[in-house]
Amino acid sequence: MGTDLHELLRSLRVWDPEVTELRPFDPATAPTEPLPLFTSWFADAVAAGQREPHAMSLATSDAAGLPDVRIVMLHGADADGWSFATHATSRKGGQLAARPYAALAFYWPVLGRQVRVRGPVTAAPAQESQGDLHARSTGALAAALTGRQSEVLGSAEELARASEAAWERAQQEPDAPVPSWTLYRLRPDEVEFFQGDERRRHVRLNYRREDGGWAKELLWP
């Protein structure tokens, strides 16, 4: 007997109080810029035991305007923007070359919080991109050396052979260059902070870049 997806969906709870803490959030106390609040919320998620809090959805669009989305890892966030990395030759790399604008979304269910970021994207210089790669694990370097991301794969055996060779090189040459590896930065035009509420009176605080600074506004849930 197959699984009834709709029955399964109806059985699921949102923000189970046994595993979720819905904290009060007063937007009047929020800082004038979004980055300090993001840093604070990120630290809260880590302290609350959120698994992989640096995982985020990255949404892009292709040359025809068709959307695409996937999960990537946050590499940093500072005055220059929120950063992530991939091969320039990958699908998302090609989409960013055609339309250098993207959106990010973080979801931390342990606190009932999400953060949405969107804005233009630029590529960091090659030296900085390589530095980002070589600061990561041997496995990350091996994956980058395997390359051909998003291309059609002929067989699992083909991947295994390429991966084994890449692992061997990564272990022998920890500074091996991967020219296609690119660090990207999203400079936000908007950053929205969402705090869930048990009575569904969710707090949504939106920052909009305006006249060299930031304007803050509340949004209906």
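Note that the coordinates shown come from a computational prediction; the quantities given were computed from them, not determined experimentally. (Residues numbered from 1 in each chain as written. Predicted model: local features only at pLDDT ≥ 70, side-chain atom pairs only at ≥ 80, totals over all residues. Heavy atoms only, no water.)

(A) Structural detail: unusual backbone geometry. Despite not being glycine, Trp15 has its phi angle at roughly 55°, a positive value. With respect to the element layout, Trp15 can be found in the loop between helix H1 (5-11) and helix H2 (34-47). (Helix = DSSP H or I, 4+ residues; strand = E, 2+ residues; numbered from the N terminus.)

(B) The nonpolar core, seen in detail. The biggest cluster of nonpolar side chains holds 29 residues, and the ones touching the most others in it are Trp82 and Val115. Looking at this core, the elements with two or more residues in it are H2, strand E1 (55-61), strand E4 (81-87), strand E5 (101-108), strand E6 (113-123), strand E7 (181-186), strand E8 (190-195) and strand E9 (203-210). When residues in this core are grouped by element, the largest group, 5 residues, is from H2. Core analysis: the next-biggest nonpolar cluster, separate from the first, contains 13 residues, Leu141, Ala166, Val178 and Trp181 among them. (Core = buried A, V, L, I, M, F, W, Y, C linked by side-chain atoms within 4.5 Å. Buried < 20%, exposed > 50% of the residue type's maximum accessible area, 1.4 Å probe, protein only.)

(C) Up close: the packing of helix H5 (residues 138-146) against helix H6 (residues 156-172). Between H5 and H6, the shortest axis-to-axis distance is 8 Å and the interhelical angle comes to 130°. In terms of orientation, H5 and H6 fall into the oblique class. For H5 against H6, the interelement crossing comes out right-handed. Each of Thr138, Gly139, Leu141, Ala142, Leu145 and Thr146 in H5 lies in contact with H6, whose residues at this interface are Leu159, Ala162, Ser163, Ala166, Trp167, Arg169, Ala170 and Gln171. Each residue belonging to the contact of H5 with H6 can be placed in one class, and the counts come to 8 nonpolar, 5 polar and 1 charged. (Axes fitted to C-alpha atoms, helices over the stretch in contact; angles between N-to-C directions. Parallel < 35°, antiparallel > 145°, perpendicular 65-115°, else oblique. Left-handed = near helix turned anticlockwise from the far one by under 90°. Contact = heavy atoms within 4.5 Å. Nonpolar A, V, L, I, M, F, W, Y, C, P; charged D, E, K, R; others polar.)

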